[in-house]
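This is what each chain is made of:
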Amino acid sequence: MTNLQAFKEAKKVIPGGVDSPVRAFGNVGSHPFFVKSAKGAYIEDIEGKKYLDFVQSWGPLIFGHCDETIEKAVIQTAKNGLSFGASSPLETKLANLILKDFPYLDMIRFVSSGTEATMSAIRLARGYSKKDGIIKFEGNYHGHSDSLLVKAGSGAATFGATSSAGVPKSVAENTFVAIYNNIESVKEILNKNDNIGTIIIEPIAGNMGLVPSKPDFLKALRKICDERNIVLILDEVMSGYRASKTGSFGIYGIKADIVTFGKVIGGGINAAAFAAKKEIMSLISPLGDVYQAGTLSGNPVAMAAGIASLTKISNTSNLYEKLEKLAIKFTDGLKKIAKENGISIQTCVRGSMFGYFFTDKEVENYADALTSDLKLFSKFHTGMINEGVFLAPSQFETGFICDAMSEEDIDFALNAAKKVMSNLKK
């Protein structure tokens, strides 16, 4: 069966043929490939074609596909049972591994997805602040819960939408949208509304492409939250253990009131979490009256994968230096190739994360990201796929380097980019 045939079959029984919109390749004008297997830095489709994989399951696989250490932990744990519906010591072990890296956080609650983590974190923040209003930032994506699908980036932006049908106005009206990296837009909202008790932000945005916060902006945001008794949630589902071992904290030193985690902490299996100081976390059921529950929360196999992943991170010397070096090699190479071909491009790297935009404007927020040449991006993506390089099929996503990649792999990708960019404007 070909990829196109598999896609047609999937569309008969799955909306759009995919279980997450960006996988449909709709934004790049082509159809997706269907995966047969993956190993290390490479992924193979059902037609037998291999691709250098810069998606890495959208971030979780910091050691690449089928890492032996994580795979062994998963298999051994699975032999004892896939799910218990009861607690296991693995949950406590993973909790301690995360909390030791973040000494300002006292307690953590595991869930099954990033969406669930941010949704629960907002409910907890509202319970603590006793205010319904929240501020989010245009272009930041925190999952698909109702209160957050207001001018979202990522999947929603891929299809040109700024909100979702099915979200009640009564829910959305409690969400206020500020401009990323613009503290005055935050102050303006707060000066007009006295019912805001929560601000949620991706400190290193990865869902409008890679757009980091400016240090002064994030510092000012923390100050405002302190002055007005507002709960600050840093959404590190993507950047946690990716931008650095301690996510944005290792770069900016800004302490959140609540932090959400995901992706890497599950090692490739469904796991996410939210954490805070004891005063806030004590409001969560069964200790307090903020209800949150999940049948598969703290799933033993996911916990085992997460333990293996974080333990290996701690035991791998110079991991983030190596990954960042490869990311810079790739993005610097793209800039050089683009310049040689008269193409405008902006690039960014934070640890093992990288992004690029086909625009001559520095990208600091969502409006800047939207100046990108999406037709050029589409042609570039299709060309790279044809050359055996799998990049995120949306301008509004982030790329990832994994430990299984080598300088030779980056050279392979850059040689492909040379071929593709030389034909982009023809």
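Being a predicted model, the structure only gives us computed values, none of them experimental.

The next thing to look at is the domain arrangement of the chain. As assigned here, the chain comprises domain 1 (3–66 + 317–424) and domain 2 (68–315). Centre-to-centre separation of domain 1 and domain 2, based on C-alpha positions: 25 Å. Listed per partner, the contact involves 36 residues of domain 1 and 40 residues of domain 2. When the buried surface of domain 1 facing domain 2 is broken down by residue, F63, Y320 and Y366 rank first, second and third, together holding 22% of it. Between the two partners, domain 1 and domain 2, sit 1 salt bridge. A salt bridge links K214 to E364, with the nearest nitrogen and oxygen atoms 3.4 Å apart. Along the contact surface separating domain 1 from domain 2 lie 10 residue pairs in polar contact (both at pLDDT 80 or more). Counting only elements with at least two residues in the side of domain 1 that touches domain 2, the list comes to helix 12 (319–340), strand 13 (346–350), strand 14 (353–357) and helix 13 (366–369). It is strand 14 that provides the largest number of residues to the side of domain 1 that touches domain 2, a total of 4 residues.

Once that is clear, we can look at the packing of helix 7 (residues 183–192) against helix 8 (residues 215–228). Two elements in contact, helix 7 and helix 8, have axes separated by 10 Å at closest approach and are oriented at 20 degrees. Relative to helix 8, the element helix 7 lies roughly parallel. The element helix 7 and its partner helix 8 pack so that their crossing is right-handed. Residue-level contacts link I183, V186, K187, L190 and N191 of helix 7 to F217, A220, L221, I224 and R228 of helix 8. Residues of the contact of helix 7 with helix 8, tallied by class, amount to 7 nonpolar, 1 polar and 2 charged.

Cut-offs applied
- Residues numbered from 1 in each chain as written.
- Predicted model: local features only at pLDDT ≥ 70, side-chain atom pairs only at ≥ 80, totals over all residues.
- Heavy atoms only, no water.
- Domains from an automatic or database assignment.
- Contact = heavy atoms within 4.5 Å.
- Buried area = accessible area lost by both parts, 1.4 Å probe.
- Salt bridge = Lys/Arg side-chain N within 4 Å of Asp/Glu carboxyl O.
- Polar contact = N/O pair within 3.5 Å; in protein donor to acceptor, adjacent residues only side chain to side chain.
- Helix = DSSP H or I, 4+ residues; strand = E, 2+ residues; numbered from the N terminus.
- Axes fitted to C-alpha atoms, helices over the stretch in contact; angles between N-to-C directions.
- Parallel < 35°, antiparallel > 145°, perpendicular 65-115°, else oblique.
- Left-handed = near helix turned anticlockwise from the far one by under 90°.
- Nonpolar A, V, L, I, M, F, W, Y, C, P; charged D, E, K, R; others polar.

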